[in-house]
Amino acid sequence: MNKSKTQSPLRTLVTAAMLLALGLVLPFLTGQIPQIGKMLCPMHLPVLLCGLLCGWKYGLAVGLILPPLRYVLFFAPPLFPTGTAMAFELAAYGFLAGFLYARSRWQCVVALYRCLIAAMLGGRVVWAVVQVILSGVSGQAFTWQMFLSGAFLTAIPGIILQLVFIPAVMVALDRTGLVRFRRSGETAPAV
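(A) Layout of the overall build of the protein. A tally of regular secondary structure across the protein gives 8 helices and 0 strands. Burial statistics for the protein: of 191 residues in total, 43% are counted as buried. Pairs at least 24 apart in sequence give 72% of the contacts found in the protein among residues at least 6 apart. As displayed, the protein offers around 9,900 Å² of accessible surface, 73% of which is attributable to carbon and sulfur atoms.

(B) Here's a closer look at the side chain of His44. Relative to the assigned elements, His44 resides in helix 3 (residues 44-54). Its relative accessible area of 5% is what places His44 among the buried residues. Not counting residues up to four positions away in its chain, the partners in contact with His44 are Glu89, Leu90, Tyr93 and Gln162.

(C) Representation of the state of the cysteines within the structure. This structure, assessed with the given rule, holds 0 disulfides. As a non-bridged cysteine, Cys115 has Cys108 as the owner of its nearest cysteine sulfur, 9.2 Å distant.

(D) Main features of helix 1 (residues 9-25). Compared with the 24 Å implied by 1.5 Å per residue over 17 residues, the 25 Å span of helix 1 between its first and last C-alpha is a close match. Every buried residue belonging to helix 1 is among Thr12, Ala16, Leu19, Leu20, Gly23 and Leu24, and all of these are buried. Seen along its axis, helix 1 keeps its buried residues to an arc of 150 degrees; they face one direction. Turned more than 90 degrees off the buried face of helix 1, the exposed positions are Leu10, Val14 and Met18. Packed against the buried residues of helix 1 are helix 3 and helix 4 (56-74).

(E) Quick look at the packing of aromatic side chains. Inspection of the entire model under this criterion finds 4 aromatic pairs. Look at Tyr71 and Phe75: their rings are 6.1 Å apart centre to centre, the planes differ by 85 degrees, and that puts the pair in the edge-to-face class. Residue classification places Phe75 among the exposed residues on the basis of a relative accessible area of 63%. Measuring from ring centre to ring centre gives 5.3 Å for Phe95 and Phe99, while their planes differ by 20 degrees; the resulting arrangement is stacked. Here the residue Phe95 and the residue Phe99 both occupy positions in helix 5 (residues 79-102), the gap between them amounting to 4 residues, near one helical turn.

(F) A look at the side chain of Gln107. Residue placement: Gln107 occurs in the loop between helix 5 and helix 6 (109-138). At 2.9 Å, the side chain of Gln107 forms a polar contact with the backbone oxygen of Tyr101.

(G) Summary view of the confidence of the model for the protein. With 90% of its residues at a pLDDT of 70 or more, the protein has an overall mean of 86. The low-confidence segment residues 1-6, where pLDDT is below 50, has 14 contacts with residues more than four positions distant or belonging to other chains.

(H) Representation of unusual backbone geometry. Cis rather than trans, the peptide bond between Ala76 and Pro77 has omega equal to -5 degrees. Position of Pro77 among the secondary structure elements: in the loop between helix 4 and helix 5. Cis peptide bonds are those with omega within 30 degrees of zero, and the linkage from Phe80 to Pro81 qualifies with -5 degrees. Within the fold, Pro81 resides in helix 5. Of note, the phi angle at Cys41 is positive, near 50 degrees, even though the residue is not glycine. Along the polypeptide, Cys41 turns up in the loop between helix 2 (34-40) and helix 3. Classification of Cys41 as buried rests on a relative accessible area of 7%.

Cut-offs applied
- Residues numbered from 1 in each chain as written.
- Predicted model: local features only at pLDDT ≥ 70, side-chain atom pairs only at ≥ 80, totals over all residues.
- Heavy atoms only, no water.
- Helix = DSSP H or I, 4+ residues; strand = E, 2+ residues; numbered from the N terminus.
- Buried < 20%, exposed > 50% of the residue type's maximum accessible area, 1.4 Å probe, protein only.
- Contact = heavy atoms within 4.5 Å.
- Areas by Shrake-Rupley, 256 points an atom, 1.4 Å probe, with all protein chains shown as cover.
- Disulfide = S-S within 2.5 Å.
- Expected span 1.5 Å × (residues − 1).
- Arc of directions from axis to C-beta.
- Phe/Tyr/Trp six-rings, centres within 6.5 Å; stacked < 30°, edge-to-face > 60°.
- Polar contact = N/O pair within 3.5 Å; in protein donor to acceptor, adjacent residues only side chain to side chain.
- pLDDT = per-residue confidence, 0-100.

Below is the structure:
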C-alpha cells in the first residue's frame, strides 16, 4: 500500500480492527455450515486485505488472533486442531500478503496477484506443517491426500473468490483515491 502523508497509525489501527470485526462476522454468511465455510474460506478475505492495506504486522496479528477470538465469542471453529491450525495459516496469509506487497517494485494489479498467490500458497504450507505437528500430538495421521483435499481441492471456490474479490476491492480503493497503487518511479514506503 502506498501510504500517504495523512495516513496515521490510528487510521491503520482502525482499519485493522474493522477487518478483524469483518472476519468475525463473515462466517455467519455461510450459515455456520462447516462444509460451505471450508469451501468459501470467509475469514481469509479480511486477513489478506488487512495485510495489503495495513501492512504485514497488522495482517499477522489479525490473522493470529481471529480464530481464537472467534472461538471465544461464538465457539467456532473448534480450537483444537482446526482453530489452532487456522490461526497460524491466517497469520501467514496476513504476513506474506503485506510483506511481499510492500516490497513489490510496483504496486499494481499484477504485483497484487503475485503477492496473493504467494501468500495463499505459503499460508497453506504453514497450515500443513501445523496440521502435521498437531496430528502427531494427537496420535493421528496427516496424509498427502488430506493436505491436497484440505488446502486446495475443497477450497477452490474460496481461492477463486479471493482472486476475484480482493483485486476488485484494491482497484476500487485505488480509483476512489483511498489507497493508491504505487506507480513506477515512486519510492516505496518505509515499512
